[in-house]
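An overview of the molecular structure
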Amino acid sequence: MAVHLDGGFGAALAAGAVVLDGGLSNRLADQGCDLADGLWSARLLLDDPGQLVAAHRAYFEAGARVATAASYQASRQGFAARGVGAAKADRLLVLSVELARQAAEEVSAASGDGLARWVAASVGPYGAVLADGSEYRGHYGLSAAELAEFHRPRLAALAAAGPDVLAVETVPDLLEASVLADCVRELGLPAWFSFGAAGGRTRGGEPLAEAFALVAEVPEVVAVGVNCCAPEEVAAAVGLAVEVTGRPAVAYPNSGEGWDAGARDWAGAGSFDPGAVGGWVAAGARLVGGCCRVGPAEVAELARLVEGKEE
């Protein structure tokens, strides 16, 4: 089935690089939100959705053109641990898209700049719901059928919310990538696939080239690349993604710090350099941004460099 991209989004990708947002959790923490919960940022869908609108708005105001909805760690299973039934969990998934859309509309109305702003529904890996860092390892010991049982309902709920694109992100291994690719085929919505990466391989240890090739077989996939990896991984991964798939690349690394799952915190020195974006774009990246610990200031600099604005 051929994908018919929204004309504006498709035209933007064809014309050049589009700036994504940065890390949602770090922005929420900066707003004073307590994310010490297994639901992480998805907790605010239940408790304080206005904080999510404010965080999305901050990134749009910084120059991002795409907001990634707060659905990365949202699922029926995760909400069930808080006593939330399946029907309400699905409504919360829909709400995540609606809140990002609200922020886009508010910024567009306030700025009057006429710029298009899009919403990506985040589809995190199964490991995210475990809240133990499993998305940085993969290979959970589940079958393809079990993974599909987890992913298919949440993808259906997110698709029903009408996002502009599905952000299938931080995918750790080939098995989960294959399952997610099959699920995306059923929806007819454009999607990007981005893998966690370390040492030029998936987080699960497989060659990135195999991962990129696997998802590129899906007509719905409009971009392939990496996210939540060290910034140093990006340049080679972008070049490889374009070479293997013939599609635009997507790249949004984290700050370069390391995640300590036991302490549930980031440690080490950051290495994110917005100035590297020129190389990513030259290599074929068309969706560029930041992941964990990359905030509005860095996104603003990315936007300035991508759009060629003078200071």
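These remarks concern the structure in this document. From a predicted model like this one, the values you see are computed outputs, not experimental measurements.

1. Considerations on unusual backbone geometry
Phi at W40 is positive, roughly 55 degrees, even though this residue is not glycine. Within the secondary structure, W40 is located in the loop between α2 (24-30) and α3 (43-47). With a relative accessible area of 17%, W40 lands in the buried category. The backbone phi angle of T170 is positive, close to 55 degrees, even though this residue is not glycine. With respect to the helices, strands and loops of the structure, T170 is situated in strand β4 (residues 165-171). Given a relative accessible area of 2%, T170 falls into the buried group.

2. Observations regarding the sheet that holds strand β8 (residues 221-227)
Taken together, the eight strands give an open sheet; going across it, the order is β1-β12-β9-β8-β5-β4-β3-β2, and neighbouring strands pair in parallel fashion. Only two strands of the sheet have a single partner each, and these edge strands are β1 (18-19) and β2 (66-68). Across two bridges, the pairing between β1 and strand β12 (residues 285-288) is parallel. Across the sheet, residue V18 finds its bridge partner in β12, namely L287. Along the sheet, helix α8 (residues 144-160) makes contact with β3 (118-123) and β4, crossing β3 at roughly 170 degrees.

Scoring rules and cut-offs
- Residues numbered from 1 in each chain as written.
- Predicted model: local features only at pLDDT ≥ 70, side-chain atom pairs only at ≥ 80, totals over all residues.
- Heavy atoms only, no water.
- Helix = DSSP H or I, 4+ residues; strand = E, 2+ residues; numbered from the N terminus.
- Buried < 20%, exposed > 50% of the residue type's maximum accessible area, 1.4 Å probe, protein only.
- Pairing = 2+ DSSP bridges.
- Contact = heavy atoms within 4.5 Å.
- Axes fitted to C-alpha atoms, helices over the stretch in contact; angles between N-to-C directions.

Everything listed here is a matter of geometry and, on its own, says nothing about what the molecule does.
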